[in-house]
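# Topology and contacts: notes
Read off the chains here:
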Amino acid sequence: MSLFLIVALPFLGALLPGLMVQAGRRACSITTGLVTLLALTGLLVNAPAVLSGEVQTARLEWLPGLGMNANFFLDPLGLFFAGLILGIGLLIIIYARFYLSREDSMGEFFTYLLLFQGAMVGIVLSDNVLVLLIFWELTSLSSFLLIGYWKHTAEGRQGARMALAVTGMGGLALIGGMLILGNIVGSYDLTEILQNREAIQASPLYLPALILILLGCFTKSAQFPFHFWLPHAMAAPTPVSAYLHSATMVKAGLFLMARLWPVLSGTDAWFYLVGTAGLITMVLGALIAIFKDDLKALLAFSTVSHLGLITMLLGFGTPFAALAAVFHILNHATFKAALFMTAGIVDHEAHTRDIKRLGGLRKLMPVTFVIATVASLSMAGIPLFNGFLSKEMMLEEAVHTTWAGSHWVLPVFVTIGALFSAAYSFRYVAHTFLGPVRDDYPHKPHDPGFGMWAPAAFLCVLVLAIGLMPFLVEPLVFTVAEAVIGGVGEIEEGYHLAIWHGLTPALLMSGIAVVGGLLLLALHRPLDRAWIATPRPEAKAMFDRLMAACVGGARGLTDALHDGALTRYAAIFTVTVVAAGAHAFWTGNLVVADRGGAIPDLVPLVGWALLVVSAAWLALSHRRRLLSLVLVSIVGLVISIGFNYFSAPDLALTQISVEVVTVILLLLALNFLPKTTPVESSVGKRTRDGLIAVVGGLGVGALSYALLVHEFAFETISDFHLENSYKGGGGHNVVNVILVDFRGFDTFGEIIVLGIAALVIYAATEALLSGPVRARLLNWVPDMVRAGDAHPLMMVVATRVMMPVVLMVGFYIFLRGHNEPGGGFIAGLVVAIGVVMQYMASGFAWADRRQRFPYHGIIGAGVLAAGLTGIGAWFAGQPFLTSDFGYARIPPFNEFELATAMAFDLGVFLAVVGAVLLSLESFSRIARRSNEQVSDYAMDIDPSRNEEA
Amino acid sequence: MEAMVASAVGVLTAAGLYLVLRLRTFPVIIGLSLLTYAVNVFLFGSGGLVVNEPPIWHEHDNSYTDPLPQALVLTAIVISFGMTAVSVVIALAAYLSGDDDSINMTPGEAEDDAP
């Protein structure tokens, strides 16, 4: 089966449980199981080839420019992990089917589980580190959902949040580390990276990359000092704990360390960072586990401890240690998943997981007892169980490894770790199942149904099979270990996995551990009391304090910068930009002017003076709002003329027509707003604002000057447009051809945005008029004297006469647009102004009654016309918005040009007309509600006007 | 010529920034308009200042101004109308429903409004 399909199957399958749960819980779980089974089968089909040394690949270019491609490869290591993920996943699904109660939403649970499964399979099969990172984050997210599955419990929510915060933080660090690694090698493909051991280890960035990657791995695999999240994640339903927190997700960090082992390991930094963190985690986790009363917490810390063991082995950096690590990953996955399942069974049946309330379950739950015993003895490292084999290898390797020049540090500490490990394993069985039967269980326990214990029993069969006949898995373990080592070293010739290696130091250490473990169990009661009495740092409290400090700091910063005062944001923004500009100016180099330098004539200078005076006056007397409106329109007018002067007739036409509609709009708004701005800020504040404004203005002015007097730094693309305007676009007016042809897609987006803006205004007005403002408007008393002749005769007559002329001009501007200044934008604005003049002359109501087409429709028609023109190109086999033109002749007229761009421009025209008029109409509606007298006549004089007023 | 246009852009920016830093909606809207002018002229100027050579293609005539900034600025002008209109309607709605056209939240108001 294609690797793509194997990775995609769980994700696609995640759509099913939510649907299938309608058909019942059985159908739901069977579907989920089948999805996993299918993926597993697909994987196993590839297994023979992979194990014989053939690496399967599947490659798909995704974003080659970023070096990000959906490349997957399947080597023995990937196969091993994917097999664990899917195989144990299948068992967990069966177990969860019987574990979840009727109140739990099974569809939701299995959806999350499959999402998680897909993400995990993605991690282990990715050949591209960027894709791997995406899957890595997906596991964090899906495990967040799974841990917090019981949303009603506070522990669930807090545990999920803590897991997400810790693993998410590690994920961020990992991104940094992986990017550095990819940069050193020059490729983000793992297969490529794995070939470059020397280059990576010689790079000065090796250490930062290593630390960042290890942060990611340690947080994910709960290594000291990030081990604290895992026990809190135990608030999850037990199937989740068994799956994520024993067999799969926490092993993702181990997987990555194993995957990158050939290029990262073997240095002192690797040995001390990874080896030491692993050792500390192993001993510390085991110690805490002894004194945990919650069965799942006990198992959680034991998991932490075993993950530490594997990490330590990977940290040793020798081929034999890698072999032991791989073997222990396999063994741990089998016995730990089984143990979690037994913990879940006990909780399910006895309604408690508190070990102090349990005991004597041996007679009541014989099947569970047998399963738990087999798995525990394996965890304790008793011969004939598989845990023993890999633990012996670990002890053996520790004996031969020196730590900081000392021969005894590692052997002593690993023996202590193994001793603690034996102690909690024994305690798990002894305190839960042995002893007298009690009569105060919260619920009378008995063995669960077959479906619930079968998966755990199956794992126990594996535990025993591997423990008794290690040669069964030997080829697999060796092949996977060789894939980890990746040719950097060789496993000792002639070594075999075996129960008996002779009287070795490791056997002695094992013996000490087992005897010591039994001793600790016997002494548990007094030791437990002492443990409880000893003060210990509480990881959760520390984490909470750290989080609170971070949140407080972030909130403080946000509140200081973002306190709801727009003025402050604007000031901060301006000052920051000016500072950045100043920095660029001082550190950059300024080349001498190489263009321009013409002396302006008198007329442009007059225009300039007019603009500068108006702008300055505007700033000084902005409190008189009507005056500021007049001044701003002077500025706009000068700019329109300026555009015309500097060879931009299209811009001049557009600017002046936009100016007209903007001023009308602002006048409509000013009708309701106060007519003056009160003095609020002190002189000091105004001086400060003035200073900011002047500095900003100087900066922008200087930048503008620098831009104007320099030739282009890059070759301009304008020449292409000029050359092809007529040849390819059939138009003389290059600006218009750019708008409707070369950059037609832009313009298409543009008119849509304009239409949306108009609809927003319409919607805001509607909301306003249907809300409490309505009453306020109805009682509106105008704060200025109304004109006696609201609809003056002169104006009415003039606008009526002008209307056809305006329409004619608009039509003319529209038609000539392709070759002469003009086009849809300008024509639209001109026609809109023609209609607005009617509103002004005879009032909104009068004009509205004579307006037949709703403006929304006009906007829609415009966008539709432009879009259909674009789609039309498809029928000619061309990409969207490709234009065409030709010449036609209707006698007796001259030959004229027909271009599809004209239909597009028509769309622009309609959209602009609709948008402008809809905006103005919306504003007028507010005015109309405010008790404005609606006249039925085109012109009228208000006789009630008081002359003295 | 270049100094003239550049200084005009600078003055428009300064006046616009000063108005944007005011405390009421109307001056801020006017200030935004001034900033829009400044930005448009700035972008327009990136093609260089050319007098009397409009970007209309003619055979046998090779003197044009740069059409590209013009096309970009043309749409920018039209869009700026949309932007002004939306900010005006927001300002108006805020004033009509709150009887206050100040642009800043008063201290403490942000917390009260939080859901």
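Residues numbered from 1 in each chain as written. Chains lettered and ligands numbered in written order. Predicted model: local features only at pLDDT ≥ 70, side-chain atom pairs only at ≥ 80, totals over all residues. Heavy atoms only, no water.

- An unreviewed UniProt entry annotates chain B as Multisubunit potassium/proton antiporter, PhaC subunit originating from Tranquillimonas rosea.
- Turning to chain B, the UniProt record has this under Sequence similarities (unreviewed entry): "Belongs to the CPA3 antiporters (TC 2.A.63) subunit C family." (UniProt positions renumbered as here; feature names shortened; annotations may be inferred.)

## Some details on the overall build of chain B
- Of regular secondary structure, chain B possesses 4 helices and 0 strands.
- Ordering the α and β elements of chain B from the N terminus gives α-α-α-α.
- The C-alpha atoms of chain B give 20 Å as radius of gyration, which overshoots the globular expectation for 115 residues (13 Å, by more than 25%).
- Structurally, chain B occupies a C-alpha span of about 70 × 25 × 20 Å along its principal axes.
- When the 115 residues of chain B are sorted by exposure, 62% land in the buried category.
- Taking all contacts inside chain B whose residues are at least 6 apart in sequence as the whole, residues at least 24 apart take part in 51%. (Helix = DSSP H or I, 4+ residues; strand = E, 2+ residues; numbered from the N terminus. Rg over C-alpha atoms; globule rule 2.2 N^0.38 Å. Buried < 20%, exposed > 50% of the residue type's maximum accessible area, 1.4 Å probe, protein only. Contact = heavy atoms within 4.5 Å.)

## A word on the UniProt feature "domain: NADH-Ubiquinone oxidoreductase (complex I) chain 5 N-terminal" (unreviewed entry) in chain A
- UniProt records the feature "domain: NADH-Ubiquinone oxidoreductase (complex I) chain 5 N-terminal" (unreviewed entry) at residues 66-110 of chain A, using the numbering of this structure.
- Structurally, residues 66-110 of chain A comprises 64% helix and 11% strand, and the distance from its first C-alpha atom to its last is 34 Å.

## Here we look at the UniProt feature "transmembrane region" (unreviewed entry) in chain B
All names here are of chain B.
- When the UniProt feature table is mapped onto this chain, "transmembrane region" (unreviewed entry) is found at residues 6-21, 28-51 and 71-96.
- Across residues 6-21, the secondary structure splits into 94% helix and 0% strand, with the terminal C-alpha atoms separated by 22 Å.
- Taken end to end, residues 71-96 is 100% helix and 0% strand, and its two terminal C-alpha atoms sit 38 Å from one another.

## Considering the packing of aromatic side chains
- Tallied over the entire structure, the rule returns 27 aromatic pairs over all chains.
- Taking 5.6 Å as the distance between ring centres and 50 degrees as the angle between the ring planes, the aromatic pair formed by A:Phe369 and A:Phe433 counts as tilted. Of this pair, A:Phe369 sits in helix H19 (residues 366-380) while A:Phe433 sits in helix H21 (residues 409-433), and the two are 64 residues apart along the sequence.
- Lying across the ring of A:Phe98, A:Arg97 places its NZ or CZ 5.0 Å from the centre.
- A cation over a ring is seen here: B:Arg22 above B:Tyr18, with NZ or CZ 4.2 Å from the ring centre. (Phe/Tyr/Trp six-rings, centres within 6.5 Å; stacked < 30°, edge-to-face > 60°. Lys NZ or Arg CZ within 6 Å of the ring centre and 35° of its normal.)

## With respect to the interface of chain B and chain A
- Each side of the interface is counted separately: chain B has 77 residues, and chain A has 104 residues.
- Taken together, the links from chain B to chain A amount to 4 salt bridges.
- Those elements that place two or more of their residues in the side of chain B that touches chain A are helix H1 (2-20), helix H2 (25-45) and helix H3 (67-98) of chain B.
- Of the residues forming the side of chain B that touches chain A, the biggest block, 23 residues, is contributed by H3(B).
- Tallied by class, the residues present in the side of chain B that touches chain A amount to 55 nonpolar, 15 polar and 7 charged. (Salt bridge = Lys/Arg side-chain N within 4 Å of Asp/Glu carboxyl O. Nonpolar A, V, L, I, M, F, W, Y, C, P; charged D, E, K, R; others polar.)

## A look at the UniProt feature "domain: Na+/H+ antiporter MnhB subunit-related protein" (unreviewed entry) in chain A
- This chain's UniProt record puts "domain: Na+/H+ antiporter MnhB subunit-related protein" (unreviewed entry) on residues 795-917 of chain A.
- Segment residues 795-917 of chain A splits into 70% helix and 7% strand. End C-alpha atoms: 20 Å apart.

## Re a nonpolar patch on the surface
Residue and element names in this part refer to chain A.
- On the surface, Trp62, Leu63, Leu66, Ile134, Leu138 and Leu141 cluster together into a nonpolar patch covering about 550 Å² of accessible area.
- If you list the elements that add at least two residues to the nonpolar patch, you get strand S2 (61-63) and helix H6 (129-147).
- Secondary-structure assignment places Ile134 in helix H6. (Patch = residues over 30% accessible without salt bridge, like charges linked within 9 Å, V, L, I, M, F, W, Y side chains within 5 Å. Areas by Shrake-Rupley, 256 points an atom, 1.4 Å probe, with all protein chains shown as cover.)

## A word on the pairing of strand S6 (residues 896-899) of chain A
All names here are of chain A.
- Burial along S6 is one-sided: the face carrying Glu897 and Ala899 is buried and the face carrying Phe896 and Leu898 is not.
- The pairing of strand S5 (residues 885-888) with S6 spans 4 bridges and is antiparallel. Looking at the pairing, Phe885 lines up with Ala899 of S6. (Pairing = 2+ DSSP bridges.)

## A closer look at the confidence of the model for chain B
- Scored by pLDDT, chain B comes out at a mean of 86, with 91% of its residues at no less than 70.
- Low confidence marks residues 110-115 of chain B, where pLDDT is under 50. Its contacts with residues over four positions away, or in another chain, come to 2 contacts. (pLDDT = per-residue confidence, 0-100.)

## A word on the packing of helix H5 (residues 106-125) of chain A against helix H13 (residues 249-259) of chain A
Residue and element names in this part refer to chain A.
- Axis separation between H5 and H13 bottoms out at 10 Å; the angle between their running directions is 10 degrees. In terms of orientation, H5 and H13 fall into the roughly parallel class. Touching Phe116, Met120, Ile123 and Val124 of H5 are Met249, Ala252, Phe255 and Arg259, all from H13.
- Taken together, the residues of the contact of H5 with H13 sort by class into 7 nonpolar, no polar and 1 charged. (Axes fitted to C-alpha atoms, helices over the stretch in contact; angles between N-to-C directions. Parallel < 35°, antiparallel > 145°, perpendicular 65-115°, else oblique.)

## Describing the layout of surface pockets
- Counted as a void, the second largest pocket has a volume near 1,100 Å³.
- Lining the second largest pocket are 39 residues, with A:Val577, A:Gly696, A:Gly699, A:Val700 and A:Leu703 positioned closest to its centre.
- Listed by contribution, the elements that provide at least two residues to the lining of the second largest pocket are helix H27 (566-587) and helix H31 (683-708) of chain A together with H1, H2 and H3 of chain B.
- Take the lining of the second largest pocket: its biggest share by element is 11 residues, from H27(A). (1 Å grid on protein atoms, 1.4 Å probe; cavity = no way out; pocket = protein on both sides within 12 Å on 5 of 7 lines; lining within 4 Å. Points joined across faces, edges and corners; volume = space filled by probe spheres on them.)

## Some remarks on the nonpolar core
- Within the largest apolar cluster, 203 residues are counted, with the highest numbers of intra-cluster contacts made by A:Met178, A:Trp229 and A:Leu264.
- Excluding anything up to four places from it in sequence, A:Trp229 contacts A:Met162, A:Ala163, A:Val166, A:Thr167, A:Thr219, A:Lys220, A:Ala222, A:His245, A:Met249 and A:Val250. (Core = buried A, V, L, I, M, F, W, Y, C linked by side-chain atoms within 4.5 Å.)

## Considerations on the pattern of salt bridges
- All chains considered together, the criterion is met by 21 salt bridges over all chains.
- The partner of A:Asp293 in a salt bridge is A:Arg427, with the nearest N and O atoms 2.9 Å apart. Residue A:Asp293 is located in the loop between helix H15 (268-290) and helix H16 (295-316), and its partner A:Arg427 is located in helix H21; the two are separated by 134 residues in the primary sequence.
- For A:Asp293, a relative accessible area of 21% translates into the label partly exposed.
- Under the relative-accessibility criterion, A:Arg427 is labelled buried at 1%.
- In this structure, B:Asp100 engages B:Arg24 in a salt bridge whose closest nitrogen and oxygen atoms are separated by 3.8 Å. Taken as a pair, B:Asp100 in the loop between H3 and helix H4 (109-113) and B:Arg24 in the loop between H1 and H2 lie far apart in primary sequence, 76 residues in all.
- Overall, B:Asp100 belongs to the partly exposed group, its relative accessible area being 38%.

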